[in-house]
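Structural description and commentary
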Amino acid sequence: MFSKIKKDELYQNVYNGIWGGIKTDENIPIYAPLDNSFIGYIQKYSKNDVDRTIDNSKKTQVAWSETPINERAAILHKAATILEDHKEYLAELLCKEICKDKKSSLSEIQRTADFIRFTADEGKHLYGTAISSDSFPGYKKDKLSFATYVPLGVVLAISPFNYPINLSASKIAPALIAGNSVVFKPPTQGSISALHLAQIFNEAGIPPGILNTITGSSSEIGDYLVTHPSINFINFTGSTKIGRHIAKIAEMVPLLMELGGKDAAIVLEDADLEDASSDIVSGAFSYSGQRCTAVKRVLVMETVADALSEMIRKKVEELKVGSPFEDVQITPLIDNKAADFVQELIDDAVQKGGKLLIGNKREGNLIYPTLFDYVTKDMRLAWEEPFGPVLPIMRVKTIQEAIDIANRSEYGLQSSVFTKNIDKAFYIASKLDVGTVQINNRTERGPDHFPFLGVKSSGLGTQGISYSIKAMSRPKAIVLNFENKIE
Ligand code: NAP
Ligand code: G3H
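Computed from a prediction, not measured in an experiment: that's the story for all the values here. (Residues numbered from 1 in each chain as written. Chains lettered and ligands numbered in written order. Predicted model: local features only at pLDDT ≥ 70, side-chain atom pairs only at ≥ 80, totals over all residues. Heavy atoms only, no water.)

1. Some words on the UniProt feature "active site" (unreviewed entry) in the protein chain
Heads up, the rule is: UniProt positions are given in the numbering used here, feature names are shortened, and annotations may be inferred rather than shown by experiment. Only protein chains enter the accessibility calculation, which uses a 1.4 Å probe; a residue is then buried when its area is under 20% of its type maximum, exposed when over 50%, and partly exposed in between. Here, residues are in contact when the closest pair of their heavy atoms is within 4.5 Å.
Per the UniProt record, "active site" (unreviewed entry) is annotated on Glu258. Using a relative accessible area of 3% as the deciding quantity, one classes Glu258 as buried. Not counting residues up to four positions away in its chain, the partners in contact with Glu258 are Phe236, Thr237, Gly238, Leu413, Phe452, Leu453, Gly454, Ser458, Gly461, Thr462 and Gln463.

2. Focus: the site of ligand 1
This is how the line gets drawn: What makes a residue near a molecule or strand is one non-hydrogen atom of that residue sitting within 4 Å of it. Pairs of N or O atoms within 3.5 Å make up the polar contacts considered here, provided that, within protein, one atom can donate a hydrogen while the other can accept it, and that residues adjacent in sequence are counted only when both atoms are side-chain atoms. For the accessible areas, the method is Shrake-Rupley and the probe is 1.4 Å, while residue cover comes only from the protein chains on display. Helix numbers and strand numbers start at the N terminus; a helix is a DSSP run of H or I with at least 4 residues, a strand a run of E with at least 2.
In the neighbourhood of ligand 1, 29 residues make up the surrounding shell, with Ser159, Thr188, Ser239, Leu259 and Glu385 lying closest. With respect to ligand 1, the backbone of Pro187 contributes an N or O atom lying 3.5 Å from an oxygen atom. Within the backbone of Leu259, an N or O atom sits 2.6 Å from a nitrogen atom of ligand 1. Isolated, ligand 1 exposes 910 Å² of accessible area, and the fraction of that covered by the protein chains is 86%. Only helix H7 (218-226), strand E12 (233-237) and helix H8 (240-249) provide two or more residues apiece to the shell around ligand 1. In terms of residues, the shell around ligand 1 owes the most to one element, H7, which gives 4 residues.

3. Here we look at empty space enclosed by the protein
To be explicit about the condition: The rule is simple: put a 1 Å grid over the protein atoms alone, call a set of points where a 1.4 Å probe fits but cannot get out a cavity, call an open set with protein on both sides within 12 Å along at least five of seven lines a pocket, and count a residue as lining if it has an atom within 4 Å of a point. Grid points are joined across faces, edges and corners, and a volume is the space filled by probe spheres set on the points. Under the grouping applied here, Gly and all other residues not named as nonpolar or charged are polar, the nonpolar ones being Ala, Val, Leu, Ile, Met, Phe, Trp, Tyr, Cys and Pro and the charged ones Asp, Glu, Lys and Arg.
In the structure shown here, the tally under the stated rule is 3 cavities of 30 Å³ or more. In this structure, the largest cavity spans a volume of roughly 70 Å³. What lines the largest cavity is Phe115, Ser170, Arg445, Asp448, Phe452, Gln463, Gly464, Ile465 and Ser468. Looking at the lining of the largest cavity residue by residue, the class counts come to 3 nonpolar, 4 polar and 2 charged. If you add up the space inside the second largest cavity, you get close to 50 Å³. Lining of the second largest cavity is provided by 13 residues; of these, Lys262, Arg297, Ala406, Tyr411 and Val434 occupy positions nearest its centre. When contributions to the lining of the second largest cavity are tallied by element, the ones reaching two or more residues are strand E14 (263-267), strand E21 (411-412) and strand E22 (414-418).

4. Considerations on the sheet that holds strand E19 (residues 370-373)
Definition in use: Being paired, for any two strands, means DSSP has found at least two bridges between them. Angles shown run from 0 to 180 degrees and are taken between the N-to-C directions of axes, each axis being a line fitted to C-alpha atoms and, for helices, limited to the stretch in contact.
Reading across from one edge, E16-E19-E20-E15-E14-E22-E23 is the order of the 7 strands in this open sheet, with mixed pairing throughout. The open sheet terminates on both sides in strands that have one partner only, identified here as strand E16 (355-358) and strand E23 (436-439). Neighbour-to-neighbour, the strand axes of this sheet turn through a mean angle of 20°, independent of strand direction. Alignment of E22 against E23, held across 4 bridges, turns out to be parallel. Of the residues in E23, the one forming a bridge with Val417 is Ile439.

As structure tokens, then:
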């Protein structure tokens, strides 16, 4: 099935149901972050190729929107099954292409199959409303508004490298069930895995043109793509820098954006420190910290700070470092540039007097798990998103100080509060300027039918299965005007 994508060493795009339907002169090589070994080429689309692709998506969308939802749902169910059937193969591909450890890679695939099935079922229950006029002052009972959900048209889905299957499917599946066609632009590093996902949807029966893919250099076609007049919605996950740029140039096109984060874990005196330290370590270091929702700072009451930092240190010491194909938690970062950035933040903390508890060791793009205590507000690590395996602990004297530091961030994705006192937990949660507060757990997105959103520079709009479907639909009202009497 996947052999359709590949011609010699080239992983092609799908255009109108045909892999390699658009030929390119130039291609982009993709290498494995683990050992720089060559994986394959992807196509480098030009602006003209983008035009052809989007025109095709626009033309084909109408028939798809008229396909009964139960038929669209059946195709998604089939896609979920095909995905599951190829779990092992795809997980190995993720290990190779984005250096995600095998266990997390397998979990990404399974979670995606579950996501697609749930989306298919949820789409079938997207009911509209009928509203009578007489509830509004001055109106009689002589009008009925029938509002049903209709698709927006062509959805542009842009996903990041860290979940090339899951964060792609979480855009594609809700867009498709709502009746949109999708132009899918995967991350360059991650695109080979993502193209496999596109083939799974096509194999499941998505009609030609309803899911087209675009690969290429973002600096050459990115702006052109997001400002294309036939794009009706942009669903983007990635960095705040790129998200902000797209929001500026996209003008009137509606956006759903999930961006960066600097999630704080607030630990109070009465917290179960053993549990909190486990959650914090898994939250901060899984997939080497390359998760938007990773715990990116700990704000701990100074009375329990010594005990907590020692527990965290011990658990960090136990993290396994190595190849993604083995049973490890820490693998090399996506590229050297990412590792250079993390190293800059570490160097800054060392230079400004942060207490290094463990780590600060680097081999190429592999950064060993690194933990700092006594991080202060003048250090970059207190505010910047490393997207790597480094965790700062900041000691605070009061709950108010913790809230102030947590909120003094450009980001507002999630926060955790660890305490046994439910009143304090709810008080703090109500004061935190974030999309979600986790009480006694690490910060994380799932389960995927929960609302997932960021405030401030962490995003626009809300994801989560039913939220995503609604975001990519709009109400269409048809008003019946009638005489409410018989002569
Ligand atoms: P990124 O550099 O912003 O890239 C994200 C996507 O945007 C990629 O597909 C990229 O393509 C594309 N892109 C870049 N420039 C573009 C342009 N001008 N127009 C259109 N598309 C463009 O992010 P990343 O490094 O892949 O992911 C890491 C970041 O994403 C972190 O900041 C993380 O916090 C954030 N993230 C947030 C969430 C969330 O749900 N809040 C989830 C995951 C990740 P190329 O690869 O070709 O450049
Ligand atoms: O990287 C961003 C993802 O939305 C995080 O998802 O919390 O399930 O790892 P996760």
